[in-house]
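# Results of the structural survey
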Amino acid sequence: GFKTCVLTNNWVDDSAGRLFTATLMNMLRRHFDLVIESCRLGLQKPDPQIYSYVLDALQAKPQE
């Protein structure tokens, strides 16, 4: 099968809108193998390190 991942460029937000984002992230987790939020890693797209992190987490190679 396929491994799937959501990779977001988001930030920690203390506003009322954060509840919506947090709820959405929790809903997505049910449907994907991984949900990775840039704010939790301290990396952002298009930094190549974030893609390396995702590949390692998925135990996948770029060509896959």
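Here we summarise the structure given alongside this text. For clarity, every value in this text was computed on a predicted model and none was experimentally measured.

### Details of helix α3 (residues 48-58)
By the burial criterion, the buried members of α3 are Ile-50, Val-54 and Leu-58. End-on, the buried residues of α3 take up no more than an arc of 70°, which puts them together on one face. Opposite the buried face of α3, by more than 90 degrees, sit the exposed residues Pro-48, Gln-49 and Asp-56. Those residues of α3 that are buried are in contact with β1 (5-8), β2 (34-37) and α2 (38-41). Within two residues after α3, Gln-59 carries a phi angle of roughly 55°, on the positive side.

### Here's the deal with the side chain of Glu-37
Along the chain, Glu-37 falls in strand β2. For Glu-37, the side chain forms a polar contact with the side chain of Asn-10, separated by 2.8 Å. A polar side-chain atom of Glu-37 sits 3.3 Å from a polar atom in the side chain of Arg-29.

### Focus on the pattern of salt bridges
Across all of its chains, the model carries 2 salt bridges by this definition. One salt bridge connects Arg-40 with Glu-37, and the closest N-O pair in it is separated by 2.9 Å. Each of Arg-29, Glu-37 and Arg-40 takes part in one network of salt bridges that share partners.

### Brief notes about the pairing of β2
Pairing analysis gives 4 bridges linking β1 to β2, with the strands arranged parallel. Bridge pairing in β2 links Cys-5 to Leu-34.

### Some remarks on the nonpolar core
In this structure, Leu-7, Ile-36, Leu-43, Ile-50, Val-54 and Leu-58 together form the largest nonpolar core, which totals 6 residues. The element best represented in this core is α3, accounting for 3 residues. If we skip the residues at most four places from it in the chain, Ile-36 touches Cys-5, Val-6, Leu-7, Thr-8, Leu-41, Tyr-53, Val-54 and Ala-57.

About the thresholds
Counting restarts for each chain: residues are numbered from 1 in the order of the written sequence. Local features in this predicted model are restricted to residues whose pLDDT is 70 or higher, and side-chain atom pairs enter the listing and the counts only when it is 80 or higher, whereas totals over whole chains, interfaces and linings include all residues. Side-chain metrics rest on all non-hydrogen atoms present in the structure, leaving aside hydrogens and water. For the exposure calls, accessible area comes from a 1.4 Å probe over protein chains only, and a residue counts as buried if that area is under 20% of its type's maximum, exposed if over 50%, partly exposed in between. Under the scheme used here, helices are H or I runs from DSSP no shorter than 4 residues and strands are E runs no shorter than 2 residues, and both carry numbers assigned from the N terminus. Our arc is simply the arc of the directions from the helix axis toward the C-beta atoms. Residues count as neighbours in contact if any of their non-hydrogen atoms are within 4.5 Å of one another. Each polar contact in these results corresponds to two N or O atoms within 3.5 Å; when the atoms are within protein, one needs to be able to donate a hydrogen and the other to accept it, and residues that are neighboring in sequence are counted only if both atoms are side-chain atoms. For this document, the term salt bridge refers to a Lys or Arg side-chain nitrogen within 4 Å of an Asp or Glu carboxyl oxygen. Two strands pair under a simple rule: DSSP has to find at least two bridges between them. The definition of a nonpolar core used throughout is a set of buried Ala, Val, Leu, Ile, Met, Phe, Trp, Tyr and Cys residues joined through side-chain atoms within 4.5 Å.

Functional significance is not addressed by these values, which are geometric in nature.
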